[in-house]
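Understanding the architecture of this molecule
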There are 2 protein chains.
Amino acid sequence: MIKKSFSFSSSTVNYYFNADFNYLEQLVSKDNAVIVTDENVFAKHQKKFKGWKSIIIKAGEQHKVQATVDDIIQQLIDVGADRNTTLVGVGGGVITDITGYVAGIYMRGIAFGFVPTSILAMVDAAIGGKNGIDVGLYKNMVGLIKQPAFLLYDFSLLKSLPKEEWVNGFAEVIKHACIKDAPMFNMLEENKLDYFQKDPENLAKLIQRNALLKTKVVVTDEFENGDRKLLNFGHTIGHAVENLYKIPHGHAVSIGMGVACKFSEEITGFKDTARVVNVLKQYGLPPQFEFDKEETFRILKSDKKKSNQSINYVLLNKIGKATIVPLPFEQIHALINNL
Amino acid sequence: MIKKSFSFSSSTVNYYFNADFNYLEQLVSKDNAVIVTDENVFAKHQKKFKGWKSIIIKAGEQHKVQATVDDIIQQLIDVGADRNTTLVGVGGGVITDITGYVAGIYMRGIAFGFVPTSILAMVDAAIGGKNGIDVGLYKNMVGLIKQPAFLLYDFSLLKSLPKEEWVNGFAEVIKHACIKDAPMFNMLEENKLDYFQKDPENLAKLIQRNALLKTKVVVTDEFENGDRKLLNFGHTIGHAVENLYKIPHGHAVSIGMGVACKFSEEITGFKDTARVVNVLKQYGLPPQFEFDKEETFRILKSDKKKSNQSINYVLLNKIGKATIVPLPFEQIHALINNL
């Protein structure tokens, strides 16, 4: 097991890589903890939950909504959770988002930690304290930035991860490579998904590299005034098409990255769209998608990243180097119509 | 106008005493602000809201619930509120609680300020950043601690305050005197409500004294690890009976203070219950109430101040000096039954 600690504005987050799920008992006592998980994760790992108070919600992004929050809060009241209780989110990005949010508002905030069970959650969603729920078609419209107390990485949980979830997770890995890590991009170009699926050691290294890459960005810019915005690469169009077409997050981000590369060609003179598109395809991701341009643009106009009449758009200068450019709505409209 | 600034953990709060409502335009631009108010306040001060985008909710504690939050968020989306928007809560404690909460979670947090319109909000609810909503019978079960950017005190707004709201507000004034300010307690003993109602200058002084008293407590203990807990005097039984019997907050706190004085006699040897009871009556507040002891005790067991099998109870040593005593549930049960 490798332990690493990072200090955020108001708390320290402990990471436990290569840990075993059972190590959770060293971090929180069963008496003072409540696990939040989904029905799929619970069904797959039922034995691990023995002896833990658990709240089991329905699986899927469509349940990352207020009704589920209401349900979890009622169950917390029913089991007598108080200010000494720690919530532990065991699952993918939906679980970490919703668990962090509920912990942030229950009794004005209780402690929480995560055991991410998907690649996407391990390299992205569980890290950095952003949490929240969707409102109608708007992704993460409501939420908080609040850090977990701990992240426990048990890579053996990935054994039962469905193929499409591997693909989803690699969208964020490729995103990290595009914005911050050209050597990792080259390495991803040289391999394929099954290389990592078949080699637990290299997979563990890749996940840790990505988890630490994201952590370093958010630890220096927790409240997204600067560098953290780069992590939104692919997420502007991505979030719009994700809820509109109910497609997986990784697919949506992949489509969003494809679009952002095209925008970058126009605006920064970016030249490597083809390489990005090829890597996305290589890992089973769709770089293109026929979306309703007007409807997508309408949703974009309510994006959280908007500021008056423009959106802070993440573009690439080159592989491994991203930049923020405020694009006026009209220009985005024209760029979308030119796709 | 008197301006005072206080630095909290992650922001500075500016207080504007003796200000005029119209000074709001100096603090936020009409283009970038959305007011949240209730139908009563809006009806009384309709002219003041001219030119401001306003969300008007139903008045009353029974609307301090998630459904109202959902409604406000939908309206914010509809008017295009973004991260540069400032929410301004204009109203009593329900409005400041719900506005602070919505601002804390909308797009993961936007700026907010308050124009308190009741004595209770001016001396208590608007100060210190605690916000939230009720869940079933549980008061403020969900919420945050997050500071407003500003508080604008226009004392002329109190002219139209109904009598029962004056009485409500004085419950918190008497609370402050009991726990922290013996000279103010003596002064309250020597006067009656109509003295303050008829003398705007002394009223303004009293409100400012109370606002600053509370501010000094919360600025040194923002997250309620110590001294801030004293402000819960009267609020343990108070919150339980408030929602159970749908009585006004001030009445509930008054009843709670009466009970806490009785508990104090037993535990700290407090000797001035009669003085507290008399002051409460003098300002039109009920120090006693026939509540269902078992049902109240059941609600107490889910109080946020509970910690395992006890509640951190605020008791008085003497007028002007309070203390926290962890009381086991059984002892509270016995004390309630002896009332």
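For chain A, an unreviewed UniProt entry supplies the name 3-dehydroquinate synthase and the organism Segetibacter aerophilus. The annotation that UniProt attaches to chain A under Function (unreviewed entry) is "Catalyzes the conversion of 3-deoxy-D-arabino-heptulosonate 7-phosphate (DAHP) to dehydroquinate (DHQ)."

Some words on empty space enclosed by the protein
Residue and element names in this part refer to chain A. Enumeration according to the criterion identifies five cavities of 30 Å³ or more in this entry. If you add up the space inside the largest cavity, you get close to 110 Å³. As for the largest cavity, its lining consists of 13 residues, of which Tyr 138, Lys 139, His 239, Asp 303 and Lys 304 are closest to the centre. Where the lining of the largest cavity is concerned, the elements lending two or more residues are β8 (138-142), α10 (235-245) and α13 (293-300).

So, the packing of aromatic side chains
All names here are of chain A. The full count for this structure, using the stated rule, is 28 aromatic pairs over all chains. With a centroid separation of 5.2 Å and an interplanar angle of 5°, the aromatic rings of Phe 170 and Tyr 283 are classed as stacked. Here Phe 170 is found in helix α6 (residues 163-180), whereas its partner Tyr 283 is found in the loop between α12 (273-282) and α13, with 113 residues between them in sequence. Grouping aromatic residues by their ring pairs yields a cluster made of Phe 6, Tyr 15, Phe 17, Tyr 153 and Phe 155.

Remarks on the relation of the copies chain A and chain B
Structural alignment of chain A on chain B gives an RMSD of 0.0 Å, achieved by rotating through 180° and translating 0.0 Å along the axis. Considering both components of the superposition, the chain copies are consistent with a two-fold axis. Here 100% of the interface residues in chain A have copies in chain B that are interface residues too; the copies meet face to matching face.

Considering the environment of B:Ile207
Residues and elements named next belong to chain B. By the element assignment, Ile 207 lies in helix α9 (residues 200-220). Residue classification places Ile 207 among the buried positions, given a relative accessible area of 2%. Distance from Ile 207 to Ala 322, taken between C-alpha atoms, is 21 Å for residues 115 residues apart in sequence. Among residues more than four places away in sequence, those in contact with Ile 207 are Ile 119, Met 122, Val 123, Tyr 153, Phe 155 and Leu 158.

Concerning the side chain of B:Thr215
Relative to the helices and strands, B:Thr215 is located in helix α9. A polar contact is formed between the side chain of B:Thr215 and the side chain of B:Tyr15, at a distance of 2.7 Å.

A word on the interface of chain A and chain B
If you look at the interface, chain A gives 35 residues, while chain B gives 35 residues. Across the interface of chain A and chain B, roughly 2800 Å² is buried in total on both sides, 53% from carbon and sulfur atoms. Joining chain A to chain B, the criterion identifies two salt bridges. For B:Arg83, the salt bridge is made with A:Glu224, and the minimal N-O distance between the two is 3.9 Å. Those elements that provide at least two residues to the side of chain A that touches chain B are α3 (66-78), α4 (93-105), β8 and β10 (306-307) of chain A. At five residues, α3(A) tops the list of elements feeding residues into the side of chain A that touches chain B. Grouping the constituent residues of the side of chain A that touches chain B by class yields twelve nonpolar, 13 polar and ten charged.

Some words on a negative patch on the surface
A cluster of acidic residues, A:Asp70, A:Asp71, B:Asp70 and B:Asp71, forms a negative patch at the surface. Taken together, the elements giving at least two residues each to the negative patch come down to α3 of chain A together with α3 (66-78) of chain B. For A:Asp71, a relative accessible area of 36% gives the class partly exposed.

Structural notes on the pairing of strand β2 (residues 12-17) of chain A
Residues and elements named next belong to chain A. Of all six residues in β2, five are buried, a share of seventy percent or more. The sheet contact formed by strand β1 (residues 2-7) and β2 spans six bridges and is antiparallel. Residue pairing for β2: Lys 3 is matched across the bridge by Tyr 16. Pairing of β2 with strand β9 (residues 150-152), which is carried by three bridges, proceeds in the parallel orientation.

Reading the values: rules and limits
Residue indices follow the written sequence of each chain, beginning from 1 at its first position. Each chain gets a letter, beginning with A, and each ligand a number, beginning with 1, in the order they are written. Totals for whole chains, interfaces and linings use every residue, but because this is a predicted model, local features are given only for residues with pLDDT of at least 70 and side-chain atom pairs only at 80 or more, for both listing and counting. No hydrogens and no water enter the side-chain calculation; it runs on all heavy atoms of the structure. UniProt positions are given in the numbering used here, feature names are shortened, and annotations may be inferred rather than shown by experiment. A cavity, in this analysis, means grid points on a 1 Å lattice covering only the protein atoms where a 1.4 Å probe fits yet has no way out; a pocket is instead an open set bounded by protein on both sides within 12 Å along at least five of seven lines, and a residue lines either one if it has an atom within 4 Å of a point. Grid points are joined across faces, edges and corners, and a volume is the space filled by probe spheres set on the points. Under the DSSP-based scheme used, a helix requires at least four consecutive residues in state H or I and a strand at least two consecutive residues in state E, with every element numbered from the N terminus. Stacked, edge-to-face and tilted labels apply to pairs of Phe, Tyr and Trp rings (six-membered ring for Trp) whose centres lie within 6.5 Å, assigned for plane angles under 30 degrees, over 60, and everything in between, in that order. When the copies are superposed, the least-squares fit takes in the C-alpha atoms of residues with a pLDDT of at least 70 in both. The contact rule is simple, with two residues in contact once any of their heavy atoms fall within 4.5 Å. Only protein chains enter the accessibility calculation, which uses a 1.4 Å probe; a residue is then buried when its area is under 20% of its type maximum, exposed when over 50%, and partly exposed in between. What qualifies as a polar contact is a pair of N or O atoms within 3.5 Å, subject to a donor-acceptor requirement within protein and to the restriction that residues adjacent in sequence count only when both atoms come from side chains. Accessible area that two parts lose when put together, evaluated with a 1.4 Å probe and summed over both, is termed the buried area. Criterion for a salt bridge: a side-chain nitrogen of Lys or Arg within 4 Å of a carboxyl oxygen of Asp or Glu. Under the grouping applied here, Gly and all other residues not named as nonpolar or charged are polar, the nonpolar ones being Ala, Val, Leu, Ile, Met, Phe, Trp, Tyr, Cys and Pro and the charged ones Asp, Glu, Lys and Arg. Within this analysis, patches are made of residues with over 30% relative accessible area and no salt bridge. Like charges are joined at 9 Å or less; nonpolar side chains (Val, Leu, Ile, Met, Phe, Trp, Tyr) at 5 Å or less. The protein chains shown are the only cover counted for residues, whose accessible areas, like all others here, come from Shrake-Rupley with a 1.4 Å probe. None of His or the chain ends enter the tally, which takes Lys and Arg as positive and Asp and Glu as negative. The atom standing in for a charge is NZ when the residue is Lys, CZ when it is Arg, CG when it is Asp and CD when it is Glu. A pair of strands counts as paired when DSSP detects no fewer than two bridges linking them.

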